[in-house]
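# Observations on the model geometry
Residues per chain are reported as follows:
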Amino acid sequence: MTLQETLELHVKAGIKALFQSELESVEFQATRKEFAGDITVVVFPMLRVVKGNPAVIGEQVGQYLLDQVELVKGFNVVKGFLNIEISDSYYLEFFQSIKDKTNYGYVDQKDDKAVMVEYSSPNTNKPLHLGHVRNVLLGYSVAEILKASGKKVYKTQIINDRGIHICKSMLAYQKFGNNETPTQEFKGDKLVGNYYVKFDQEYKAEIADLIASGKTEEEAKKNAPILLEAQEMLRNWEAGDNDVVALWKKMNQWVYDGFEVTYKNIGVDFDTYYYESDTYLLGKEFVAEGLKTGVFFKKEDGSVWCDLTEDGLDEKIVLRSDGTAVYMTQDIGTAIQRIKDYPDVGGMVYTVGNEQDYHFKVLFLILKKLGFDWAKNLFHLSYGMVDLPSGKMKSREGTVVDADDLIKEMADTAEDISKDLGKLDDYDEAEKQELYKTIGLGALKYYILKVDPKKRILFDPKESIDFQGNTGPFIQYTYARIQSILRKADSNSYQFDTKDVMLHDKEKQLIKQLELFPEIIQNAAEQHSPALIANYTYDLVKEFNSFYQNVSILGADTEIEKSFRVELSKLVSQTIKNAFQVLGIQVPERM
RNA sequence: GGUCGCAUAGCUCAGCUGGAUAGAGCACCUGCCUUCUAAGCAGGCGGUCCUAGGUUCGAAUCCUAGUGCGAUCACCA
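In this text, all values refer to a predicted model and were calculated from it rather than measured experimentally. (Residues numbered from 1 in each chain as written. Chains lettered and ligands numbered in written order. Predicted model: local features only at pLDDT ≥ 70, side-chain atom pairs only at ≥ 80, totals over all residues. Heavy atoms only, no water.)

Of regular secondary structure, chain A possesses 18 helices and 14 strands. In terms of principal-axis extent, the alpha carbons of chain A reach across some 90 × 65 × 45 Å. In chain A, buried positions account for 53% of the 591 residues. Of the contacts made within chain A by residues no fewer than 6 positions apart, 73% connect residues no fewer than 24 positions apart. Total accessible area computed for chain A in this model is approximately 28200 Å², and 47% of it derives from carbon and sulfur atoms. Charge centroids of chain A, computed over 71 positive and 92 negative side chains, lie 2 Å from each other. (Helix = DSSP H or I, 4+ residues; strand = E, 2+ residues; numbered from the N terminus. Buried < 20%, exposed > 50% of the residue type's maximum accessible area, 1.4 Å probe, protein only. Contact = heavy atoms within 4.5 Å. Areas by Shrake-Rupley, 256 points an atom, 1.4 Å probe, with all protein chains shown as cover. Lys, Arg positive; Asp, Glu negative; His and termini not counted. Charge placed at Lys NZ, Arg CZ, Asp CG, Glu CD.)

By a widespread convention, an interface's size corresponds to the accessible area lost as its parts come together. For chain A, the domain assignment lists domain 1 (3-86) and domain 2 (163-262). Here the C-alpha centroids of domain 1 and domain 2 sit 70 Å apart. (Domains from an automatic or database assignment.)

Two elements in contact, helix H6 (residues 188-212) and helix H8 (residues 225-238), have axes whose closest approach is 8 Å; the angle formed by their N-to-C orientations is 130°. Considering their axes alone, H6 and H8 lie oblique with respect to each other. Here Phe199, Glu202, Tyr203, Glu206 and Leu210 of H6 come into contact with H8, specifically with Pro225, Ile226, Leu227 and Ala230. Split by residue class, the contact of H6 with H8 holds 7 nonpolar, no polar and 2 charged. (Axes fitted to C-alpha atoms, helices over the stretch in contact; angles between N-to-C directions. Parallel < 35°, antiparallel > 145°, perpendicular 65-115°, else oblique. Nonpolar A, V, L, I, M, F, W, Y, C, P; charged D, E, K, R; others polar.)

Quick look at the sheet that holds strand S10 (residues 315-319) now. The strands that make up a sheet pair up through hydrogen bonds in the backbone, lying either parallel or antiparallel. Spatially, S8-S9-S10 is the arrangement adopted by the 3 strands of the open sheet, whose pairing is antiparallel. The sheet terminates laterally at strand S8 (296-298) and S10, the two strands that pair on one side only. On average, each strand axis in the sheet is inclined to that of its neighbour by 40°, with strand direction left out of account. Pairing of strand S9 (residues 304-307) with S10 involves 4 bridges; the strand directions are antiparallel. Within the sheet, the bridge partner assigned to Cys306 lies in S10 and is Lys316. (Pairing = 2+ DSSP bridges.)

The sheet built from 5 strands is open, its strands ordered S7-S6-S5-S11-S12 with parallel pairing. Each having just a single partner strand, strand S7 (272-275) and strand S12 (378-383) make up the two edges of the open sheet. Mean inter-strand twist for the sheet, computed between neighbouring axes without regard to direction, equals 25°. Of the strand pairs in this sheet, strand S6 (residues 152-159) and S7 are connected by 4 bridges, and their pairing is parallel. Each bridged residue has a counterpart across the sheet, and for Thr156 the counterpart in S7 is Thr272. Docked against the sheet, helix H4 (residues 130-148) engages strand S5 (114-118), S6, strand S11 (345-353) and S12, running at close to 160° with respect to S6. Its contacts with the sheet place helix H12 (residues 357-369) against S11 and S12, and it is angled at close to 180° to S12.

Moving on, we get to the protein's contact with RNA strand B. Inspection of the region around RNA strand B gives 65 residues, with Asp301, Arg320, Lys423, Tyr477 and Tyr548 positioned closest. Restricting the count to atoms of RNA strand B within 4 Å of the protein gives a sugar and phosphate share of 61%. Here Tyr548 contributes a backbone N or O atom positioned 2.4 Å from a base nitrogen of RNA strand B. Within the residue set of the surface near RNA strand B, elements represented by two or more residues are strand S4 (81-86), helix H11 (327-341), helix H13 (403-421), helix H15 (472-489) and helix H17 (530-550). (Near = heavy atom within 4 Å. Polar contact = N/O pair within 3.5 Å; in protein donor to acceptor, adjacent residues only side chain to side chain.)

The next thing to look at is H11. For H11, spanning 15 residues, the distance from its first C-alpha to its last is 21 Å, which sits close to the expected 21 Å at 1.5 Å a residue. Counting buried residues along H11, 11 of its 15 residues qualify, which places the element largely inside the surrounding structure. (Expected span 1.5 Å × (residues − 1).)

All told, the structure shown has 30 salt bridges when counted by the stated rule. A salt bridge links Arg338 to Glu118; the shortest N-O distance between them is 2.9 Å. Here Glu118 lies in strand S5 and Arg338 lies in helix H11, a separation of 220 residues in the sequence. Each member of the pair, Arg338 as well as Glu118, is classed as buried. (Salt bridge = Lys/Arg side-chain N within 4 Å of Asp/Glu carboxyl O.)

The subject of this paragraph is the pairing of S11. The element S11 is extensively covered by neighbouring structure, given that 9 of its 9 residues are classed as buried. For the crossover from S11 across H12 to S12, the handedness is right-handed. (Right-handed = clockwise from strand over helix to strand, strands pointing away.)

With that out of the way, let us pick up unusual backbone geometry. Despite not being glycine, Ser120 has its phi angle at roughly 75°, a positive value. Relative to the elements of secondary structure, Ser120 occurs in the loop between S5 and H4.

Judged by nonpolar contacts, the single largest core of 148 residues is most densely connected at Val11, Leu65, Ile86, Leu130, Ile533, Phe564 and Ile576. Here the element with the most residues in this core is H4; it accounts for 11 residues. Setting aside chain neighbours within four positions, we find Leu130 in contact with Val386, Leu388, Met393, Val401, Leu406, Ile448 and Phe459. Counting 36 residues, the second largest nonpolar core, distinct from the first, contains Val287, Val345, Val362 and Leu363. (Core = buried A, V, L, I, M, F, W, Y, C linked by side-chain atoms within 4.5 Å.)

Glancing now at the layout of surface pockets. In this structure, the largest pocket spans a volume of roughly 1600 Å³. Lining the largest pocket are 48 residues, with Asp38, Lys512, Gln513, Glu515 and Leu516 positioned closest to its centre. Considering each element in turn, the lining of the largest pocket owes the most residues, 12 residues, to helix H16 (residues 505-527). Classifying every residue of the lining of the largest pocket gives 17 nonpolar, 13 polar and 18 charged. When its volume is computed, the second largest pocket comes out at roughly 1000 Å³. Secondary structure elements with two or more residues in the lining of the second largest pocket: H4, H11, S11 and strand S13 (386-387). No other element matches the 4 residues that S11 contributes to the lining of the second largest pocket. Within the lining of the second largest pocket, the residues separate by chemical class into 11 nonpolar, 14 polar and 9 charged. (1 Å grid on protein atoms, 1.4 Å probe; cavity = no way out; pocket = protein on both sides within 12 Å on 5 of 7 lines; lining within 4 Å. Points joined across faces, edges and corners; volume = space filled by probe spheres on them.)

A few words on H6. When the terminal C-alpha atoms of H6 are compared, their 36 Å separation across 25 residues agrees well with the 36 Å that a helix rising 1.5 Å per residue should span. Where H6 ends, the next residue or the one after it, Gly214, has phi of about 105°, a positive value.

Another aspect to go through is the packing of aromatic side chains. Two descriptors summarise a pair of aromatic rings, namely the distance from one centre to the other and the angle between the planes of the rings. Applying the stated criterion across every chain, the model contains 25 aromatic pairs. Seen from their ring centres, Tyr446 and Phe580 are 6.1 Å apart, and the 35° between their planes marks the pair as tilted. Here Tyr446 is found in helix H14 (residues 429-449), whereas its partner Phe580 is found in helix H18 (residues 559-583), with 134 residues between them in sequence. Taken as a pair, Tyr446 and Phe580 share a single burial class, namely buried. The ring of Trp305 has Lys299 sitting right over it, with the charged end atom 3.9 Å from the ring centre. (Phe/Tyr/Trp six-rings, centres within 6.5 Å; stacked < 30°, edge-to-face > 60°. Lys NZ or Arg CZ within 6 Å of the ring centre and 35° of its normal.)

Structure (structure tokens):
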């Protein structure tokens, strides 16, 4: 039972004994630091049941608690706030109970139903950029948070491997590629991306020519020869033309190989992959099924629609008049395919930008109408765009921040700062490079994950990302500092009895902060919000640094105090590690 | 135009299901390295919580209307 639950019972009992009234619930909050006390009961809500002056009621309840409850050491009432002082022994015993848990904050798997978390889901015609980085970090972290909260999780993505945009880079490669192939230095996704840009350049040039020869802009855009060729190629692909399919497979594989390098660099992984080229047919089957059961209807031209006007939305097309699949068709197929493949999945999380809010609203509704009971457990993890000072990123125009470049730059910055500080002179070069990457990535990941997913991020490459204050490196630094103490302390030999410890105020604050962690994990899981974890960790670390600067750990007056402080520091570092683990951020032993 | 999201210090952001005098970091200004890592600590400066109403003992938080920014409303994905 938590402290709050214990106190709640006693407050209720007190109200009953003092006023013969039943209290539904008790409102608690942390005591503000300018007042004495550890936890505060808000008296105002009790006035609904108990009539009287809140200050007087607070006084009476406080006295009752002091008399009846062992762990209550004192109290004071300010206006309608009853501040309760808790005895040190409570915190010490609590600390004793968690100090050796290396998985502190995590819950063992307690749910039979699994959650499938989709993220990344790139097109296969260009490299990953900053926008994908936000997606990937969010999705990965939410998956890890869900795991830590006791859920079974499958990480997956849907690869958008078919369509006209793929044909564009294929065509440009055919025309201008000279059988170029990817190399170690020049990854396949970059190569294919270049041809996607090349296509766009040619297309624009042809449009200009056509306009010059007297065509309207609209005609020119529709009839540019290279576009017609691309459309031809798409038809050939759908018809299964051997050469086109072979080229498609080859180029897609280049891209996949390139992506894998980037994912590995970022430090994310997937349990299973889905390809739209595999799932759109299943989607079509279920559209036919829904047509029979009346979920969908057919218009005169043969296109198939879902009427959502009763739900406050519009009609939505699910199949074109020529019978080909649209985006929605594929997504219906993909969702159903996943449940077929993994029957233990009871819900899914889609990590996709907020420009698709409407699409997912519709998708979830359609799946419900099709009668799938798991459809009620679908969640669109929607996040805001990452914008540059110059505006939106556009792959075709080359105004993107490339994911690989970005990671490299972050590591370089970490290297510059590290060299200035010069603390690592005895590390060999490989160790140093590894560390720079850990710190650089830590900075990037924390920067992105600490903000509410719903908010847009304005990313200024020139301003770059901070390494001080509320940042990843600040937290990593604190971790490394604790490790340094632990190395010197040889903590295995330390023994102490909590009864012998006099709790310093900074120590108590730290234990209080540690106490919150399991609940933070659960909240973060419910709200799909890594930001909660990031901000919690920052608060914990700030609290520790204050302790560290004000209290000597290895130089404590007594062996008991020293042992206790070492153990406390150890648990703080373990908690930092556990928190950062679910954010996908590594912690260094030194820095 | 309909719908959805966002709006808090010069900048970047916290602020949980309403609770005490709205909190951090960056930037700027003071102090603190011969004792555990100064990527740190202690302190200062800085706010009409977009506006106007409403609900309430109490509103940055809830409701309504409006303003600004963004997204979306395709036989694109």
